[in-house]
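Below are the chains, spelled out letter by letter.
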Amino acid sequence: MSTLNDLITCGQSYWLDNLSRKKITSGELHKRASEQGLRGITSNPNIFNKAIANSTDYDEQLVALVKDGKTPIEIYDALTIKDIQDACGILDSVYEQSGGTDGFVSLEVSPYLAYDTDGTIKEARRLHNAVNKRNCLIKIPGTKEGLSAIEQMLYEGININVTLIFSVERYVEVVNAHIRALERRIAENKPVNNTISVASLFVSRIDTLVDQLLSQHITHFQEGSPINSSESLLGKAGIATACLVYQKFKEIFNSKHWEGLDAKGAKMQLPLWASTSNKDPLYDNLRYVEELIGENTINTMTDETISDFAEHGHIKKNTVEERLDEAKELFNELKKVGIDIGFVTQQLENEGVQKFIDAYNELLKNIAKRRLDVLGTHVPQQQLFTGALDKEIQASYSVLDEKQAGRLLFEMDPYLWKAEPEEINEISHRLGWLNLPDIDNGEKLIKFSGEIKNEGYTHAVLLGMGGSSLCSEVARQTFETAKGYLKLWVLDNTDPAAILDLEKKIDIHRTLFIVASKSGNTKETISFFKYFYEQLEKKGKHKPGNSFVAITDDGTPLVKIAEEYSFREVFYSSPDVGGRYSVLTEFGLLPMALMGIDIHTLLCSAREMKKSCDSIPVAANPGVSLGIVLGICQKHGRDKVTFALSKSIDSFGYWAEQLLAESTGKKGRGLIPVIGEPLGEPEVYKNDRVFIHIYLSADSIEDDEEKLKEIEKAGHPIVRIKLADKISLGAEYFRWEIATAIAGMIIGINSFDQPNVEESKKNTIQLLEGYVNEGSFQRNDPLLKSEDISIYGGKTIEPLAVDQYNSPGEFVNSFTEQARQHEYIALLPYFLLTDGRTKTLQKWRLKLRDELKVATTLLGGPRYLHSTGQLHKGGPDSGIYIILIGDEKEKLSIPQEQYGFEILHHAQALGDFRSLSNKMRRVILINLGSDIDSGLNKLYKSIKQSSKHQQLL
């Protein structure tokens, strides 16, 4: 190793371009520093990725960090910082012996910050403080944006390794940043003797790109012709650049200006030759070492280069100055053959940053996977089968990584969505849900729930619609009520029968009513409140307002109502969280807490999912990767997101249905969620489906999985998500919120608005006003009437000749048979869905699916107005809509209104019918008469009798 030690006599230090824990723990680094002349170490994401991914040396610390709840980025941070600290300790003696000019170990800021001055400054400070070693250099790319950060850090006394320099011009700018920082410190009487930086020129990469360009200019040899100038220039640009950089170094640091700084103790910024391993097998392996020896320089070498140089390297002083004249002429020659060195160096900088980003992503991906291995079955496990779309989806992963989608999402960048300029501000105020897993305000809710329980309340009723109610519906159907806690009910149906049915199930004196409305003026919700407040008054309840709490945003009309009626409590939700993304706010958590559900653990589950998604490369990012799959499937016509949910968690589909439909159904595009449609044989499905199988590990799924395997063989994309337990739904809520947001980005829509939701509301208000003024609803005559069954058609249906139909079944079958390939049929009953009614409607939808090979949906009104209603009007015109109503037998007044719930309920159905009709959607409305059960059975019997597919019934 005498050759290596002899470099010092030439004034050059050699640094190791590699670092791993094994080199530290085995004593290798100590031996190199003490016996073999090693003077410094550099690191980068690629180096750490190889060290961590290809060894077990980090396992013990990694496992401990995972169990301590660290994110993949925090794990990477801790692993690398420990290596840097230990390496700094080993080289501290070199630092001491050199008087503080050598013995450094370099740690790089995130490559994502290469063009972010403020971000680089913040990160450099953090890393400097975290390592807390005097001989640590923070690596900052020498980009234009990096120059200001370099100067500021040096001014603050943080020593810097300036990386990714490719040109003489940029080198001069880097040196000037170093000098400006020194001058600022001197002007403020701050010491400069320990302010150190090095300037790293990436030598071999220059040759790699220039040679590629030169090879395109090499012409055919002809005897007697002059030497091909392009061929003669090969392999020279890298060393030539280094020669010119060294001359600039000598010129600057031998100037009169520098003498003044030197007299005050300032240290020169030394040139560092980086990327000195040979990339071309036709060149000498040691050319970037032997030809770049110079006083006051540093050469970083890989293990292989160090070994080669130790064995057969040759040392000659100041070889870096031997080809100066040739170097000066080289760039003129390159220009003559059409190579713009300015373009080359900018391209090299761009490629250099991207290579570090790619390595950083690969490192995070490996750590994320190792983290999940440690967590095992305690976290949800996701498997994706994407069939023929796999190549495009994998390419999309790379594109979104390049666009930094995983990082920008959690930085709440509204520009991820291709929104109109006026939408950007709205989006930026709708991204607060990304922080919800980290906000655990459960103690207040748990304390409140304990107080309610101790006061003897036995029931809780959530009065709300859509995002305010569906999370509670999932909780109600999924979790058991803990002993002594409140049994939860959800009222989101204005049918008087639904309200009266609920009243039979509760003791109103021992019931807490939760009035939940994000806007604070949801008509159904306020009507429910008025009704139950009056009922409590009639039953002699002392202080009836004490039986009510509100969940809403600050300053809404509901806040005033709560004050006027002396509600027990008002819980304020986050104003920057939209209704359908509010499950992890008070809207979802308070009802769960009242049931005795462990909301701390549920939030912890969501938090673990956030750790798996926040700034993680797409391939290892469960939320973003799912969103890409959904988005790409939609682009290829696979927009029917078909959920197969195990029985114990099947109500999760209600919430996911609303999230997907309302978030993506706009601008004629959208994902169409299909829930409650049992799995069929592969032949009933066209290529418009993507299947989602979510199940508990404890559930029996053999039948579903057997069918899914056949569906998978048929080429349909399938997402499988395995949950350890029900409380893991906390993670699923967050995964699907991320996936929906990303899917919207892929589809090209704003995932956070609902532009068509108000249409049905406005129509309902107009109908109610007309009813109040005239005492009835104005409507056209039915297209077909048979006994108590009347069928009305929308604008696209009214012109049809109906005389040819002998029964309601014939007409309805003719209507549904309009469904073309890749369309869907929506059954929209506007009445209380009893078990019997649901059974009949389920048989009908399966008949439609199996006969027509189209997707079907079934969701009652008015619930669907606040979920799939947006999709029906704003999404693709691929739906066939059948609204089913009855003439309500029950009459139920709404206090302070001139109409009752039966009128409100009817107006909502008619209002939605009018909205769909005005949108020229294919819609019919069927009035089943006053006896809904009889009417529905008659209708279905007629449909079966009129079917062309009797063998399927």
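Enquirer: When you look at the pattern of salt bridges in this model, what are you seeing that I'm missing?
Expert: Using the criterion set out here, one finds 59 salt bridges in the structure. The salt bridge partner of K82 is D86, with a shortest N-O separation of 3.2 Å. One end of the pair, K82, and the other, D86, are both in helix α6 (residues 72-97), 4 residues apart, so they sit about a helical turn from each other. On the accessibility criterion, K82 (33% relative accessible area) is partly exposed. Measuring nitrogen to oxygen at the nearest pair gives 2.9 Å for the salt bridge that ties D933 to R837.

Enquirer: In this structure, what is going on with the sheet that holds strand β8 (residues 297-301)? I would like to understand it.
Expert: Sheet strands line up and pair through hydrogen bonds in the backbone, either parallel or antiparallel. An order of β1-β2-β3-β4-β5-β6-β7-β8 is seen for the 8 strands of this closed barrel, with the pairing classed as parallel. Across the sheet, the axes of successive neighbouring strands diverge by a mean angle of 30°, strand direction being ignored. Across 4 bridges, the pairing between strand β4 (residues 136-141) and strand β5 (residues 160-165) is parallel. For P141, the partnering residue across the bridge sits in β5 and is T163. Each of β1 (12-16) and β2 (38-41) touches helix α3 (residues 28-35); the most contacted strand, β2, lies at about 135° to it.

Enquirer: When you look at the state of the cysteines in this model, what are you seeing that I'm missing?
Expert: Defined simply, a disulfide is a covalent bond joining two cysteines at their sulfur atoms. Applying the stated criterion across every chain yields a total of 0 disulfides. For C136, which is in no disulfide, the shortest distance to another cysteine sulfur is to C88 and amounts to 4.9 Å. In this structure C613 is not part of a disulfide, and its nearest cysteine sulfur, from C604, lies 15 Å away. Exposure remark for C613: the relative accessible area of 0% places this residue in the buried category.

Enquirer: How should helix α34 (residues 835-852) be read in this particular structure?
Expert: An α-helical turn contains 3.6 residues, so a residue and the one three or four places further along point in the same direction. Across its 18 residues, α34 extends 26 Å between first and last C-alpha, which sits within 8% of the 26 Å expected from 1.5 Å per residue. Inspection of α34 places R837, T840, L841, W844, R845, K847, L848, R849, E851 and L852 among the buried residues, and these make up the whole buried set. Phi turns positive one or two residues past the end of α34, at K853, with a value near 60°.

Enquirer: Help me understand the nonpolar core in this model?
Expert: Nonpolar side chains in soluble globular proteins tend to be buried together. With 125 residues, the main nonpolar core has L19, L29, I41, I84, I160 and W273 as its most contacted residues. In terms of nonpolar packing, the next biggest core, distinct from the first, is built from 96 residues, W433, F652, I692 and I738 among them.

Enquirer: Honestly, helix α28 (residues 622-635) in this entry has me stumped. Any pointers?
Expert: A rise of 1.5 Å per residue sets the reference length of α28, with its 14 residues, at 20 Å; its end C-alpha atoms lie 20 Å apart and thus fit the reference within 8%. Most of α28 sits inside the fold, with 13 of its 14 residues counted as buried. G637 occupies a position one or two residues after α28 and carries a positive phi of about 85°.

Enquirer: I tried to follow the packing of helix α7 (residues 117-131) against helix α8 (residues 144-155) on my own but got confused; where do I start?
Expert: For any two helices packed against each other, one specifies the crossing angle of their axes together with the interaxial distance. Running from N to C, α7 and α8 point in directions that differ by 35°, and their axes come no closer than 8 Å. Seen along the crossing, α7 lies across α8 with a hand that is right-handed. Along its contact with α7, which presents T117, T120, I121, A124 and R125, the element α8 presents E145, S148, A149, Q152 and M153. Taken together, the residues that form the contact of α7 with α8 break down as 4 nonpolar, 4 polar and 2 charged.

Enquirer: Help me out: how do you make sense of the sheet that holds strand β9 (residues 381-385) in this one?
Expert: If you walk across this open sheet you meet the 5 strands as β9-β18-β17-β15-β16, and the pairing is mixed. Two strands close off the open sheet at either side, each with one partner strand: β9 and β16 (672-674). In this sheet, neighbouring strand axes are inclined to one another by 20° on average, regardless of whether the strands run parallel or antiparallel. Against the sheet, helix α29 (residues 652-664) contacts β15 (640-645), β16 and β17 (689-696), and its axis sits at roughly 165° relative to β15. Along the sheet, helix α30 (residues 702-713) makes contact with β9, β17 and β18 (718-723), crossing β18 at roughly 155°.

Enquirer: I'm lost on a negative patch on the surface in this one. Help?
Expert: Together, E681, E683, E702, D703 and E706 make up a region of like negative charge exposed at the surface. Mapped onto the elements, D703 comes out in helix α30.

Enquirer: Can you help me understand the packing of aromatic side chains in this one?
Expert: For any pair of aromatic rings, the description rests on two quantities: the centre-to-centre distance and the angle between the ring planes. Summed over the entire model, instances satisfying the criterion amount to 35 aromatic pairs. Seen from their ring centres, F166 and F202 are 5.8 Å apart, and the 50° between their planes marks the pair as tilted. With F166 in the loop between β5 and α9 (168-187) and F202 in strand β6 (residues 197-202), this pair connects stretches of sequence that are 36 residues apart. Its relative accessible area of 3% is what places F166 among the buried residues. Put simply, the rings of F513, F528, F529, Y531, F532, Y533, F548, Y565, F567 and F901 pair up and form one aromatic cluster. Here R184 stacks its cationic end above the ring of Y155, 4.0 Å away from the centre of that ring. Across from the ring centre of Y288, 4.8 Å away, lies the NZ or CZ of R287, which sits over that ring.

Enquirer: I would appreciate a short explanation of the pairing of β5 in the present structure.
Expert: The buried fraction of β5 amounts to 6 of the 6 residues, a majority that puts the element mostly inside the structure. For the crossover that starts at β4, traverses α8 and ends in the parallel β5, the hand is right-handed. Note that β5 and β6 share 4 bridges and pair parallel. What sits directly across from I165, in β6, is L201. Between the parallel pair β5 and β6, the chain is carried across by α9, and the sense of this crossover is right-handed.

Enquirer: Would you explain the pairing of strand β21 (residues 824-829) in this entry?
Expert: A regular strand carries its side chains on alternate faces of the sheet. Extensive coverage of β21 is indicated by the burial of 6 of its 6 residues. One ladder, built from 4 bridges, connects β21 with strand β22 (residues 855-858); its direction is parallel. Across the sheet, the residue bridging to I825 is T856, located in β22. Taken together, β21, α34 and β22 constitute a β-α-β crossover, and its handedness is right-handed. Sheet topology places β21 next to strand β23 (residues 879-885); 6 bridges connect them, and they run parallel. Bridging across to β23, A826 finds its partner in Y881.

Enquirer: What exactly am I supposed to notice about the environment of D207 here?
Expert: Examined against the element boundaries, D207 turns out to sit in helix α10 (residues 203-215). Distance from D207 to E28, taken between C-alpha atoms, is 32 Å for residues 179 residues apart in sequence.

What counts and how
Residue numbers run consecutively from 1 along every chain, following the written order of its sequence. This being a predicted model, a pLDDT of at least 70 is required before a residue's local features are given, and a value of 80 or more before pairs of side-chain atoms are given or counted; all residues contribute to the totals for chains, interfaces and linings. Working from all heavy atoms in the structure, the side-chain values ignore hydrogens and water. What counts as a salt bridge is simple: a side-chain nitrogen of Lys or Arg found within 4 Å of a carboxyl oxygen of Asp or Glu. By definition, any uninterrupted DSSP run of H or I lasting at least four residues is a helix, any uninterrupted run of E lasting at least two residues is a strand, and each is numbered from the N terminus. The rule is simple: take the accessible area with a 1.4 Å probe, protein chains only, and divide by the maximum for that residue type; under 20% is buried, over 50% is exposed, in between is partly exposed. Following DSSP output, two strands are said to pair if at least two bridges run between them. Every axis in this analysis is a line fitted to C-alpha atoms, fitted for helices over the stretch in contact. Angles between the N-to-C directions lie between 0 and 180 degrees. Whether two residues are in contact is decided by their heavy atoms: any pair within 4.5 Å suffices. Here, two cysteine sulfur atoms that lie within 2.5 Å of each other are counted as a disulfide. Each helix should span, by expectation, one fewer than its residue count multiplied by 1.5 Å. By nonpolar core is meant a set of buried Ala, Val, Leu, Ile, Met, Phe, Trp, Tyr and Cys residues that side-chain atoms within 4.5 Å join together. Helix crossings are classified by the rotation of the near helix relative to the far one: an anticlockwise turn of less than a right angle makes the crossing left-handed, while a clockwise turn makes it right-handed. Classification used: nonpolar for Ala, Val, Leu, Ile, Met, Phe, Trp, Tyr, Cys and Pro, charged for Asp, Glu, Lys and Arg, polar for all others including Gly. Any residue with relative accessible area above 30% and no salt bridge may belong to a patch, with like charges joined within 9 Å and the nonpolar Val, Leu, Ile, Met, Phe, Trp and Tyr side chains within 5 Å. With residues, only the protein chains shown are counted as cover, and all accessible areas are computed by Shrake-Rupley using a 1.4 Å probe. Only four residue types enter the charge count, namely Lys and Arg as positive and Asp and Glu as negative; His and the chain termini do not. A single reference atom marks each charge: NZ on Lys, CZ on Arg, CG on Asp, CD on Glu. What counts as a ring pair is set by centres within 6.5 Å for rings of Phe, Tyr and Trp (its six-membered ring), and what kind of pair is set by the plane angle: stacked under 30 degrees, edge-to-face over 60, tilted for all other angles. A positively charged side chain is recorded as over a ring if its NZ (Lys) or CZ (Arg) lies within 6 Å of the ring centre. The angle to the ring normal must also be within 35 degrees. Every crossover in which the path from the first strand over the helix to the second runs clockwise, viewed with the strands pointing away from the viewer, is termed right-handed.

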